[in-house]
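# Structural description and commentary
Here is how the chains run, residue by residue.
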Amino acid sequence: MSATFGGRPGRQGKLSQWLLGRRAKEAVDDSGREALLLAAADAGLPLAPAAHPAPGYRCSCDRVGCPTPARHPVSFAWQTQSTTDHAQIERWARHQPQANFITSTGVTHDVLDVPLEAGREALERLLGAGVEVGPVAGSDDGRMLFFTLTRGTPEDEDEWWPCELDCHPETMDEHPGLRWHCRGSYVLVPPARLPGDDRRVRWVRGPEHSLPDPLTLLETLTDACARHVGSDSQNPGGSWPLRH
């Protein structure tokens, strides 16, 4: 069963309560972790192993003062290494039982990455309007990830909008707080663990949901981000219930 919303209007109140961050018990064992990874691969999300938390809020990599502990790939070749092949993912998962996994964006999918509070507001509005929303992940570090179709590969290489510009635009006025992960980027894919006490990345809506066109979500997401400019939107305000 997945944490899925929409449907009957009477469920909107329950949705609001759920989105406020009620903590659910963690229930993923090794087989559950593997099943979730394979489900992501079946949805077309190419995966590669990533670092995991180490004691003392540190990263499992050997870099002193790692700036993104437990949030980065373990190999510099992650773009070519990323795969949806079940056999390879199973080998990685079994040989590296603590590893997180990343999914490489810009190949089959992009990710619209917004502050958590803005994402909660946008998700409720989108579902209430009957918009088809695809997989969504909530992260206890204060971000919400909307998985979408990629913008494709234009014939003219100059037409690419590099991920560096997506994540670090010259001005935040148009898309405040929004990061568009496309070619050359990656995000953690659930289930993933973050440094700290039971901090994780979890599915809010699972990968069984079809990937939507990013433009169908963009206006609502940017509007929600604009509403939360200057607010304490980086505070997660509770953990996300796990997709079972």
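Residues numbered from 1 in each chain as written. Predicted model: local features only at pLDDT ≥ 70, side-chain atom pairs only at ≥ 80, totals over all residues. Heavy atoms only, no water.

### Some details on the sheet that holds strand β11 (residues 199-205)
The condition that has to hold: Pairing between two strands is assigned when DSSP locates at least 2 bridges connecting them. Each helix corresponds to a stretch of at least 4 residues labelled H or I by DSSP, and each strand to a stretch of at least 2 residues labelled E; elements are numbered beginning at the N terminus. The convention used is that axes are lines fitted to C-alpha atoms, helices contributing only their stretch in contact, and that angles between N-to-C directions extend from 0 to 180 degrees. Should any heavy atoms of two residues lie within 4.5 Å, those residues are considered in contact.
One open sheet accounts for 6 strands, arranged β8-β5-β7-β6-β11-β10; its pairing is antiparallel. Only two strands of the sheet have a single partner each, and these edge strands are β8 (179-181) and β10 (192-194). Here the average twist between neighbouring strands, direction ignored, is 25 degrees. Against the sheet, helix α7 (residues 215-227) engages β5 (109-115), β7 (143-149) and β8, with an angle of about 15 degrees to β5.

### Here's the deal with helix α5 (residues 116-128)
Stated formally: Expected helix span is given by 1.5 Å per residue-to-residue step, counting one fewer step than there are residues. Accessible area is worked out with a 1.4 Å probe on protein chains only. A residue is then buried under 20% of its type maximum, exposed over 50%, and partly exposed in between.
Taking 1.5 Å of rise per residue, 13 residues should cover 18 Å, and α5 covers 18 Å from first to last C-alpha, within 8% of that figure. Within α5, the full set of buried residues consists of Leu116, Ala118, Gly119, Arg120, Ala122, Leu123, Leu126 and Leu127. Of the residues one or two after α5, Gly130 is the one with positive phi, at around 80 degrees.

### Some details on the pairing of β7
Within β7, 6 of the 7 residues are buried, which leaves the element mostly enclosed by the surrounding structure. Here β5 runs beside β7; their pairing, made up of 7 bridges, is antiparallel. Residue pairing across strands places Asp110 opposite Thr148, the latter belonging to β7. Pairing between strand β6 (residues 136-139) and β7: 4 bridges, direction antiparallel. Bridging from a neighbouring strand, Ala137 pairs with Leu145 of β7. Here β6 folds back onto β7 in antiparallel fashion, the turn holding 3 residues, of which Gly142 has a positive phi close to 95 degrees.

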